[in-house]
Amino acid sequence: QIQLVQSGPELKKPGESVKISCKASGYTFTDYAMHWVKQAPGKGLKWMGWINTYTGKPTYADDFKGRFVFSLEASASTANLQISNLKNEDTATYFCARGGRQWYYFDYWGQGVMVTVSS
Amino acid sequence: AIVLNQSPSSIIASQGEKVTITCRASSSISSNYLHWYQQKPGAFPKLVIYSTSYRASGVPSRFSGSGSGTSYSFTISRVEAEDVATYYCQQGSSNPPTFGAGTKLELK
């Protein structure tokens, strides 16, 4: 069955960096895009961008340009999200989500990673 | 960016009741690109309806969707206890993809 399994919760200080992983299984990794979605505590969903799992090319939403980096370990069917120079407002749960073949929906999701930024 | 206005923001319903959530877009969307998700407390979102009216795999028939242009709706024909969740609409018609603010469904 198709699964996206993400890494565990993180507690970081402002200014530090964090790297979150998302390991896919049950399908051909390079056939589907991988998206990243942020959910701040008690808030809604915000699309961060996506990475083309075939070419490795990332695309970032405007609010996520600069400190955010999407990358791949394609041989391990894994997508990564790195956030540098962490700020308090980065405290959130970060989901990876597989992009559907058409119509720009997200058909499978990881369980989410809670990143807490606190001094 | 296309703004999706969901209403109501919360619903309190009895088991067996019919509930409807609306999602209004700030610009017209192709119906192929309007989708609905269910997020239970403490869990990840789950795709429930894609392309306005198609149920995702394994989704019960009590869930349905309709709409066109700028106005879409999501209906649970008979609410069950397991349907307690927050529901989000999402559009993929225009970059960036955007979500509605969510509708929290609680049981009476």
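About the cut-offs
Residues numbered from 1 in each chain as written. Chains lettered and ligands numbered in written order. Predicted model: local features only at pLDDT ≥ 70, side-chain atom pairs only at ≥ 80, totals over all residues. Heavy atoms only, no water. Pairing = 2+ DSSP bridges. Helix = DSSP H or I, 4+ residues; strand = E, 2+ residues; numbered from the N terminus. Axes fitted to C-alpha atoms, helices over the stretch in contact; angles between N-to-C directions. Salt bridge = Lys/Arg side-chain N within 4 Å of Asp/Glu carboxyl O. Buried < 20%, exposed > 50% of the residue type's maximum accessible area, 1.4 Å probe, protein only. Contact = heavy atoms within 4.5 Å. Buried area = accessible area lost by both parts, 1.4 Å probe. Polar contact = N/O pair within 3.5 Å; in protein donor to acceptor, adjacent residues only side chain to side chain. Phe/Tyr/Trp six-rings, centres within 6.5 Å; stacked < 30°, edge-to-face > 60°. Lys NZ or Arg CZ within 6 Å of the ring centre and 35° of its normal.

A. Structural view of the sheet that holds strand β7 (residues 63–68) of chain B. All names here are of chain B. As summarised here, the arrangement of the four strands in space is β1-β3-β8-β7, forming an open sheet in which the pairing is antiparallel. This sheet does not close on itself; its edge strands, each paired only once, are β1 (4–7) and β7. Between one strand and the next, the sheet's axes are offset by a mean angle of 15 degrees, whatever the strand orientation.

B. Inspection of the sheet that holds strand β3 (residues 18–25) of chain A at higher detail. Residue and element names in this part refer to chain A. If you trace the four strands from one edge of the open sheet to the other, you get β1-β3-β8-β7, paired in antiparallel fashion. Looking at the sheet topology across the chains shown, the edges are occupied by β1 (3–6) and β7 (68–73). Geometrically, the sheet is characterised by an average inter-axis angle of 20 degrees between neighbouring strands, direction not taken into account. Pairing of β3 with strand β8 (residues 78–83), which is carried by six bridges, proceeds in the antiparallel orientation. Each bridged residue has a counterpart across the sheet, and for serine 21 the counterpart in β8 is asparagine 80.

C. Examining the pattern of salt bridges more closely. Applying the stated criterion across every chain yields a total of eight salt bridges over all chains. Note that lysine 65 of chain A and aspartate 62 of chain A form a salt bridge whose closest N and O atoms lie 3.1 Å from each other. Across the pair, aspartate 62 of chain A and lysine 65 of chain A agree in class, each one exposed. A salt bridge links arginine 62 of chain B to glutamate 82 of chain B; the shortest N-O distance between them is 2.8 Å. With arginine 62 of chain B in the loop between β6 (54–55) and β7 and glutamate 82 of chain B in the loop between β8 (71–76) and β9 (85–91), the pair connects residues that are 20 residues apart, well separated along the chain. Under the relative-accessibility criterion, arginine 62 of chain B is labelled buried at 9%. Put simply, Arg62, Glu80, Glu82 and Asp83 of chain B are held in one network by salt bridges that share partners.

D. Main features of the interface of chain B and chain A. The partner chain A presents 16 residues to the 18 residues of chain B that form the contact. When chain B packs against chain A, close to 1,500 Å² is buried across both sides, 70% of that on carbon and sulfur atoms. Across the contact surface, chain B and chain A share zero salt bridges. Applying the counting criterion to the chain B and chain A interface returns five residue pairs in polar contact (both at pLDDT 80 or more). Going through the elements one at a time, β4 (34–39), β5 (46–50) and β9 of chain B are the ones with two or more residues in the side of chain B that touches chain A.

E. Fine view of the packing of aromatic side chains. The tally for this structure, following the rule as stated, stands at 17 aromatic pairs over all chains. On the numbers, 5.3 Å between centres and 85 degrees between planes, the contact of tryptophan 103 of chain A with tyrosine 33 of chain B is edge-to-face. One end of the pair, tryptophan 103 of chain A, is in the loop between β9 (92–99) and β10 (106–109); the other, tyrosine 33 of chain B, is in the loop between β3 (19–25) and β4, on a second chain. Given the relative accessible area of 25%, tryptophan 103 of chain A is considered partly exposed. Residues phenylalanine 106 of chain A and tyrosine 37 of chain B carry aromatic rings whose centres are separated by 6.4 Å and whose planes lie at 25 degrees to one another, so their mutual orientation is stacked. Placement of phenylalanine 106 of chain A in strand β10 and of tyrosine 37 of chain B in strand β4 is noted, with the two residues assigned to different chains. The exposure classification of phenylalanine 106 of chain A matches that of tyrosine 37 of chain B, with both residues buried. Of the aromatic side chains, those joined through ring pairs into one cluster are Phe95, Tyr104, Phe106 and Trp109 of chain A together with Tyr37 and Phe99 of chain B. Across from the ring centre of tyrosine 32 of chain A, 3.6 Å away, lies the NZ or CZ of arginine 98 of chain A, which sits over that ring. The ring of tyrosine 32 of chain A is capped by arginine 101 of chain A, whose NZ or CZ atom sits 4.5 Å from the centre of that ring.

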